[in-house]
Amino acid sequence: MANTAARAGLAPTPAPAPALAALRAAEDAVAGRREACEFRLDLPPLDPLALWTLLPAEEAVYWKAPGPGPGPVAAAGAAWRVPFPADGGASGEGEPWRRLAGAVVRVGAAGREEDDRGVRLFGGAAFDPDAPSPDWGPFGRGDLVWPAWVLECEADRAVLRIAFGPDEDAPVRRARLAATARLVGRLCAAAGAGAGDGGPAPASALPPTPPVLPPVVARRDLDRRRWAEMVEAGRARARDGRLRKIVLARRCEIEFAAEPDPVAVLRRLAARGGGEFVFGFRRAGACFVGASPELLLERCGRRLRIEALAGTRRLAVPGGPDDGHAAALIAAAESLYGSGKDLEEHALVVRGIVDAVAPLAGDVAPPGWPAVRRIGDLAHLRAEIDVTLRPGVTTDEALAALHPTPAVGGLPRREALAAIREVEPVGRGWYAGPVGWISAAGDAEFAVAIRSALLRGRAAWLYAGAGIVAASEAEAEYAETEGKLGRLLDALAVEER
């Protein structure tokens, strides 16, 4: 970490005097310790993605949940890392993370220890850790990271959290605090705070984000005949009883004239809003970005909230972006409610989720008739499932029980995963896997990483899937995947066919 600022090219912009004083106090409080520490610094309102721009050599995270809750979060670096809890064992919330979380010393702006449950790990996992996905090398099977810097942003304030892992010695901690002082100076300058004079931000405070993404030079899609063969393979398994449902995905490759800036893509995804989890994970020159409409799980105490999302229609919206939405949504709802195939697919997803979580639950509130939810220009059948977990059940166990849900895998789960490995031509990597965060208290928020793309160099790989049952038709399912690709094509400034 000692060379972080140099690698990022940070100019010597001074931090505001109060921040410098707080950092000096923090040095006395954390440098001589061996325990894991977290220092919290209050800052003026900031653009969280400035952290990505100012620390380009670090791995990074961006997370923006839908709704009126906490604001967006950006993070960079890694103070500590654990494998993703793929099997419900002790790798995430279990023994290693619990021991760390319980021992973290939280240090406030005056260098005093504080009681703060805001420590969070961010990360994700491959859809199928056992399936080869060579294009996803930097991401691997998945992990959870306690970032070195976390920037939490609200409308009127921001909080920068600086983490120090339990194995980091005093020179590493002092180097991170020194890098933080330079980082805070640049962040405040970019926000117009400068050294506290409230003046405009210097022109050099942040490297500019390109306002326009590079032009597309090629688009490569899965051949429709190959797609029809995949769908028929899924239908055959449904007809003979081997599977009740399978979700098959295809990949669309976009080649750009130059390397697209992931910050520009994330800005375009976050600006649209509309009830999606906007996320970004940067690893070793590659970046996984997306805007998922699907909550895998949200945990608060023993309460677990899960979404079942299956059945899709693209809205036929005439005129401008604000014309005809109500009529188009009504038409989409009538089509979904009138489709035996979509209602069957959604019912299978709900049943699969309820059955999966039942062994962990003291109580499961049965969902009612599915609602129709609009996300951008798509409409989905949606049901919410509320669960009260039994005492002692960990978030690891809930994740392992739920992922992959029948909305992205199939039923039965094991047989569907085996069929996906056999039928799909490329590995999914983190596409359709769980992404999100887990807190020191065991609370968590994870989305299903759909409506997503992997950016590597001048290439972007976009993924979209469709649920296949015996009544599926290849052309209709292909059209559904094309509609799902639209969100990312728009974010990448690619014209749809």
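Structure: above.
Thresholds, definitions, all that
- Residues numbered from 1 in each chain as written.
- Predicted model: local features only at pLDDT ≥ 70, side-chain atom pairs only at ≥ 80, totals over all residues.
- Heavy atoms only, no water.
- Core = buried A, V, L, I, M, F, W, Y, C linked by side-chain atoms within 4.5 Å.
- Buried < 20%, exposed > 50% of the residue type's maximum accessible area, 1.4 Å probe, protein only.
- Salt bridge = Lys/Arg side-chain N within 4 Å of Asp/Glu carboxyl O.
- Helix = DSSP H or I, 4+ residues; strand = E, 2+ residues; numbered from the N terminus.
- Axes fitted to C-alpha atoms, helices over the stretch in contact; angles between N-to-C directions.
- Parallel < 35°, antiparallel > 145°, perpendicular 65-115°, else oblique.
- Left-handed = near helix turned anticlockwise from the far one by under 90°.
- Contact = heavy atoms within 4.5 Å.
- Nonpolar A, V, L, I, M, F, W, Y, C, P; charged D, E, K, R; others polar.
- Expected span 1.5 Å × (residues − 1).
- Arc of directions from axis to C-beta.

(A) Structural detail: the nonpolar core. Within the largest apolar cluster, 85 residues are counted, with the highest numbers of intra-cluster contacts made by Trp63, Trp146, Leu304, Val435 and Phe446. Grouped together as the second largest cluster of nonpolar side chains are 64 residues, Ala50, Tyr62, Cys153 and Leu183 included.

(B) The arrangement of the pattern of salt bridges in detail. Considering all chains together, one arrives at 44 salt bridges under this definition. Two residues, Arg373 and Glu307, come together in a salt bridge whose shortest N-O distance is 3.4 Å. Placement of Arg373 in strand E18 (residues 371-375) and of Glu307 in strand E16 (residues 303-314) is noted, with a sequence separation of 66 residues between them. A salt bridge links Glu384 to Arg382; the nearest nitrogen and oxygen atoms lie 2.8 Å apart. Residue Glu384 is classed as partly exposed on the basis of its relative accessible area of 28%. Members of the salt-bridge network, linked through shared partners, are Glu298, Arg305, Glu307, Arg373, Arg382 and Glu384.

(C) Broad picture of the packing of helix H6 (residues 224-239) against helix H11 (residues 413-423). Relative to each other, H6 and H11 sit at 155°, their axes nearing to 11 Å. On the basis of the axis angle, H6 is roughly antiparallel to H11. Crossing of H6 against H11: the hand is right-handed. Every residue of H11 that contacts H6 at Arg226, Met230, Ala233 and Arg237 is listed here: Ala419, Glu422 and Val423. Tallied by class, the residues present in the contact of H6 with H11 amount to 4 nonpolar, no polar and 3 charged.

(D) Geometry of helix H2 (residues 17-30). Taking 1.5 Å of rise per residue, the 14 residues of H2 would be expected to cover 20 Å, and the 20 Å separating its terminal C-alpha atoms lies within 8% of that figure. Those residues of H2 not exposed but buried are Ala19, Ala22, Leu23, Ala26, Ala29 and Val30. Along the axis of H2, the buried positions cluster into a sector of 115°, meaning they face one direction only. Away from the buried face of H2 by more than 90 degrees, exposed residues Ala17, Arg24 and Asp28 are located. Here the buried face of H2 lies against strand E1 (37-43), strand E5 (105-107), strand E10 (158-164) and helix H5 (170-190).

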